[in-house]
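One-letter residues, chain by chain:
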Amino acid sequence: MTTPKLPTALTLTTAHLILEPSTARDASELFDVLNDTRLYTYTGGAPQTLEDLRTRYLRLETQRSPDGSEAWLNWTIRLQATRRAIGTLQATVTSEGIATVAWVIGYEWQHRGYATESAHALIGWLMSLDTLLEVRAFIHPQHEASSRIARACSLQLTSELVDGEVVWTMLLPSRRS
Ligand SMILES: CC(C)(COP(=O)(O)OP(=O)(O)OC[C@H]1O[C@@H](n2cnc3c(N)ncnc32)[C@H](O)[C@@H]1OP(=O)(O)O)[C@@H](O)C(=O)NCCC(=O)NCCS
């Protein structure tokens with residue numbers, strides 16, 4: 001049995017941002033961005049310690065799940081002008097061609113369109129992958145900002161709820177054989 005080809009993250013560039021595949025070297029900069037309880041209002045969870053972030057990003061450098069069956073792709077969002085890290089993007093891609101995406105922008109850089117700009121670039125890149133059949137996002141029903149980002153990226157709201165989060169989806173049915 002052949003293993004379907006899983007994607008590897010590339011650097012993506014937008015009008016104001018550079019999206020770089022995250023490495024353990026980014027941990028300390030990302031700690032400064034993510035160490036803020038306000039970022040976890042709708043997603044749950046809590047800020048990680050610097051040590052935990054280092055371990056996490058070291059692990060994520062492989063870009064694969066522990067059993068190798070999924071691509072676990074993570075980007076550090078940087079301002080083009082200064083290269084400062086301001087957030088993160090995530091895409092989990094299964095061998096069945098389903099990508100689940102998520103975004104975080106540090107509190108002081110919010111409301112400037114950066115999440116929408118990043119998400120557009122990420123979803124555009126995912127759609128360019130031959131093997132991709134669907135893009136999904138799981139969003140708390142009261143999370144207006146994230147819902148707006150999904151809508152701006154042409155994801156459709158579904159009635160499916162998973163662990164209290166609404167599923168948004170974009171199907172690429174023409175690729176199904
Ligand atoms: C969700 C998040 C990424 C948005 O980041 P951002 O850079 O401020 O988003 P944008 O500036 O691109 O704005 C996106 C849309 O949400 C709207 N918006 C932003 N903050 C909002 C708020 N607090 N309430 C309502 N709408 C809001 C914007 O007006 C924009 O809508 P529009 O394009 O229709 O005008 C950011 O708030 C965040 O990181 N939150 C914590 C992590 C999180 O919850 N991630 C989502 C996981 S799916």
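First, a word on scope: everything that follows refers to the structure included in this document.

The rules behind the values
- Residues numbered from 1 in each chain as written.
- Predicted model: local features only at pLDDT ≥ 70, side-chain atom pairs only at ≥ 80, totals over all residues.
- Heavy atoms only, no water.
- Salt bridge = Lys/Arg side-chain N within 4 Å of Asp/Glu carboxyl O.
- Helix = DSSP H or I, 4+ residues; strand = E, 2+ residues; numbered from the N terminus.
- Buried < 20%, exposed > 50% of the residue type's maximum accessible area, 1.4 Å probe, protein only.
- Arc of directions from axis to C-beta.
- Contact = heavy atoms within 4.5 Å.
- Near = heavy atom within 4 Å.
- Polar contact = N/O pair within 3.5 Å; in protein donor to acceptor, adjacent residues only side chain to side chain.
- Areas by Shrake-Rupley, 256 points an atom, 1.4 Å probe, with all protein chains shown as cover.
- 1 Å grid on protein atoms, 1.4 Å probe; cavity = no way out; pocket = protein on both sides within 12 Å on 5 of 7 lines; lining within 4 Å.
- Sits in = over half its atoms within 2 Å of the grid points.
- Nonpolar A, V, L, I, M, F, W, Y, C, P; charged D, E, K, R; others polar.
- Pairing = 2+ DSSP bridges.

1. Concerning the pattern of salt bridges
Now for step 1: Across all of its chains, the model carries 9 salt bridges by this definition.
Now for step 2: We note a salt bridge from R78 to E20, for which the minimum N-O separation is 3.0 Å. Here the residue R78 occupies a position in strand 3 (residues 71–79), and E20 occupies one in strand 2 (residues 17–21), the gap between them amounting to 58 residues.
Now for step 3: Judged by its relative accessible area of 7%, R78 falls in the buried class.
Now for step 4: It is possible to trace a salt-bridge network through shared partners that takes in E20, D26, E29, R78 and R83.

2. Section: helix 2 (residues 50–60)
The α-helix advances 3.6 residues per turn, and as a result positions three or four apart in sequence lie on the same side.
Now for step 1: Those residues of helix 2 not exposed but buried are L53, Y57 and L60. Looking down the long axis of helix 2, one finds its buried residues gathered within 60 degrees of arc, a one-sided arrangement.
Now for step 2: Contact partners of the buried residues in helix 2: helix 1 (27–34), strand 3 and strand 4 (85–93).

3. Focus: the site of the ligand
Now for step 1: In the vicinity of the ligand, 19 residues are found, and the nearest of them are W103, H111, G113, T116 and R148.
Now for step 2: In the model, an oxygen atom of the ligand is placed 2.7 Å from a nitrogen or oxygen of the R148 side chain.
Now for step 3: Against a free-state accessible area of 940 Å², the protein chains account for coverage of 73% of the ligand.
Now for step 4: Placement of the ligand is best described as lying within the largest pocket.
Now for step 5: Taken together, the elements giving at least two residues each to the shell around the ligand come down to strand 5 (98–105), helix 3 (114–127) and helix 4 (144–152).
Now for step 6: For the shell around the ligand, the element with the most residues is helix 4, which contributes 5 residues.
Now for step 7: Looking at the shell around the ligand residue by residue, the class counts come to 9 nonpolar, 7 polar and 3 charged.

4. So, the pairing of strand 8 (residues 165–171)
Now for step 1: Among the 7 residues that make up strand 8, 6 are buried, leaving the element largely enclosed by the rest of the structure.
Now for step 2: Taken together, the 6 bridges between strand 6 (residues 134–139) and strand 8 define a ladder with antiparallel strand orientation. Following the sheet pairing, E134 is matched in strand 8 by L171.
Now for step 3: The pairing of strand 7 (residues 156–162) with strand 8 spans 4 bridges and is antiparallel. Pairing of Q156 across the sheet is with T169, part of strand 8.
Now for step 4: From the end of strand 7 to the start of strand 8, which pair antiparallel, there are 2 residues, and D163 there has a positive phi angle of about 50 degrees.

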